[in-house]
Amino acid sequence: MILTQRLCPASRMQIMIKTAAYVLAALVMLGATSKSGAAPVLEQIGEFTVPEANQGVGVDTRHFYAVDNNVIGKYDKKTGKLVKKWQGAKSGPILHLDSAMLMDGKIYAAHSNYPEWPMTSSLEIFDAETMEHIGTHSFGIQWGSLTWVDWHDNHWWMTFANYDRLLGPGKTPFGHKANTVMVKFTRDFRPLQSWTLPKAILDRFEDMSNSGGSWGPDGYLYLTGHDPAELYRMRLPKSGSVLELVDTIPMNIRGQGIAWDRSQPGVIYGIIRATVKERALGGNHKVTVFRLVEKP
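Since the model is a prediction, treat every value here as computed from it, not as a measurement.

**Student:** It is not clear to me how the sheet that holds strand 9 (residues 133-140) should be interpreted in this structure. Could you clarify?
**Tutor:** Each strand in a sheet pairs with another by means of backbone hydrogen bonds, the pair being arranged parallel or else antiparallel. Here four strands make up an open sheet; going across it, the order is 6-7-8-9 and the pairing antiparallel. Strands at the two margins of the open sheet, each flanked by one partner only, are strand 6 (96-103) and strand 9. Along the sheet, successive strands turn relative to each other by an average axial angle of 20°, direction set aside. In this structure, strand 8 (residues 121-127) lies alongside strand 9, joined through six bridges in antiparallel fashion.

Here it is, written out as structure tokens:
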């Protein structure tokens with residue numbers, strides 16, 4: 001204050017202007033921090049009983065697609081009625097479909113030979129209109145079991161899961177879940193970069209791994225485990241190789257595949273896999289639908 005009084009009026013005015021600018025900048029930053037730090041919640045807006053909803057789900061403008069090991073059921077989004085189905089032979093070659101993603105009239109489904117050893121993976125492609133199998137891309141033996149696929153920022157994103165469950169040779173861990181990796185690919189499936197998962201969510205997976213993933217409309221990556229009723233909001237790290245956990249959001253699912261509805265921004269689909277006891281009592285798998293809401 002004493003220093004300011006000794007300055008000429010013009011100098012004092014410059015200091016006051018600069019100070020006001022700094023305060024305004026700080027307030028803007030505080031507001032941005034508050035917005036980015038808001039805790040999101042999921043409001044459930046739909047639920048359908050769907051026998052194929054055992055592994056994952058995909059969605060487009062008019063339909064959702066429930067995924068089981070060698071079955072994909074196409075359902076009307078409004079009525080929940082079955083429209084068409086693809087059914088593969090139980091003996092293969094398609095053995096374990098997982099998550100699905102819809103783009104340009106095609107279903108892109110993550111596939112592996114889980115729980116066989118060694119782990120192999122492929123991307124299986126279907127015509128969403130006819131539900132016919134129209135293409136494949138094999139990754140062979142590389143990173144693990146492919147569990148989800150998405151298209152974001154003009155690149156493919158896929159996670160190859162590994163597990164601590166004792167399914168490997170001689171009842172050893174099935175690849176060790178710490179080796180689970182998300183890979184970024186070019187359009188023609190050339191790998192560019194890869195990231196691992198933080199211990200904080202690996203611990204929540206117990207002896208299983210990351211089952212679902214989908215890039216959200218807010219620019220965050222959303223992941224799910226094999227069993228927990230949770231959605232993990234993630235982001236790419238500014239440095240290093242470990243994805244960053246931003247939020248853990250309760251979700252009425254039992255892990256498995258998820259899918260953002262790109263025709264309805266902010267709406268996300270998941271599944272509830274029925275237990276053996278529930279099925280014995282006449283219950284079945286379900287597809288659940290939510291709207292993501294940011295709250296302070």
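Don't stop here, the text continues.
**Student:** Help me understand unusual backbone geometry in this model?
**Tutor:** Trans peptide bonds make up the majority, and among non-glycine residues the majority have a negative phi. A cis amide bond links Y114 to the next residue, P115, at an omega of 5°. Tracing the backbone shows P115 in the loop between strand 7 (106-112) and strand 8. For the bond from W117 to P118, the omega torsion is 0°, close enough to zero to count as cis. Mapped onto the secondary structure, P118 falls in the loop between strand 7 and strand 8. The backbone of N154 sits at a positive phi, close to 65°, despite the residue not being glycine. The residue N154 is located in the loop between strand 10 (145-152) and strand 11 (155-161) in this model.

**Student:** Explain the sheet that holds strand 12 (residues 181-185) to me, please; I cannot follow it from the model alone.
**Tutor:** Strand order in the open sheet formed by four strands is 10-11-12-13, with antiparallel pairing between adjacent strands. The sheet terminates laterally at strand 10 and strand 13 (191-196), the two strands that pair on one side only. Looking at each pair of strands side by side, their axes are set apart by 20° on average, direction ignored. When strand 11 meets strand 12, the two strands line up antiparallel, connected through five bridges. The residue of strand 12 that forms the bridge with F160 is V181.

**Student:** Got a minute to help me understand the packing of aromatic side chains in this structure?
**Tutor:** How two aromatic rings sit relative to each other is set out by the distance from centre to centre and by the angle between their planes. For the coordinates displayed, the defined rule picks out 22 aromatic pairs. On the numbers, 5.9 Å between centres and 25° between planes, the contact of W157 with W195 is stacked. With W157 in strand 11 and W195 in strand 13, this pair connects stretches of sequence that are 38 residues apart. W157 sits in the buried class, given a relative accessible area of 2%. Here the basic side chain of R233 rests over the ring of Y220, its NZ or CZ set 4.4 Å away from the ring centre.

**Student:** What is the right way to read the pattern of salt bridges from this model?
**Tutor:** Think of it this way: side chains of opposite charge can pair up when their charged atoms draw near. Taken as a whole and assessed by the stated rule, the structure comprises 13 salt bridges. The shortest N-O distance in the salt bridge between D247 and R233 comes to 2.6 Å. Placement of D247 in strand 17 (residues 244-250) and of R233 in strand 16 (residues 230-235) is noted, with a sequence separation of 14 residues between them. Accessibility expressed as a relative area gives 17% for D247, which makes it buried. Given the relative accessible area of 1%, R233 is considered buried. The network of salt bridges with shared partners includes D218, R233, D247 and E294.

Rules used throughout
- Residues numbered from 1 in each chain as written.
- Predicted model: local features only at pLDDT ≥ 70, side-chain atom pairs only at ≥ 80, totals over all residues.
- Heavy atoms only, no water.
- Pairing = 2+ DSSP bridges.
- Helix = DSSP H or I, 4+ residues; strand = E, 2+ residues; numbered from the N terminus.
- Axes fitted to C-alpha atoms, helices over the stretch in contact; angles between N-to-C directions.
- Phe/Tyr/Trp six-rings, centres within 6.5 Å; stacked < 30°, edge-to-face > 60°.
- Buried < 20%, exposed > 50% of the residue type's maximum accessible area, 1.4 Å probe, protein only.
- Lys NZ or Arg CZ within 6 Å of the ring centre and 35° of its normal.
- Salt bridge = Lys/Arg side-chain N within 4 Å of Asp/Glu carboxyl O.

Fair warning: the whole summary comes from geometry, so function is off the table for now.
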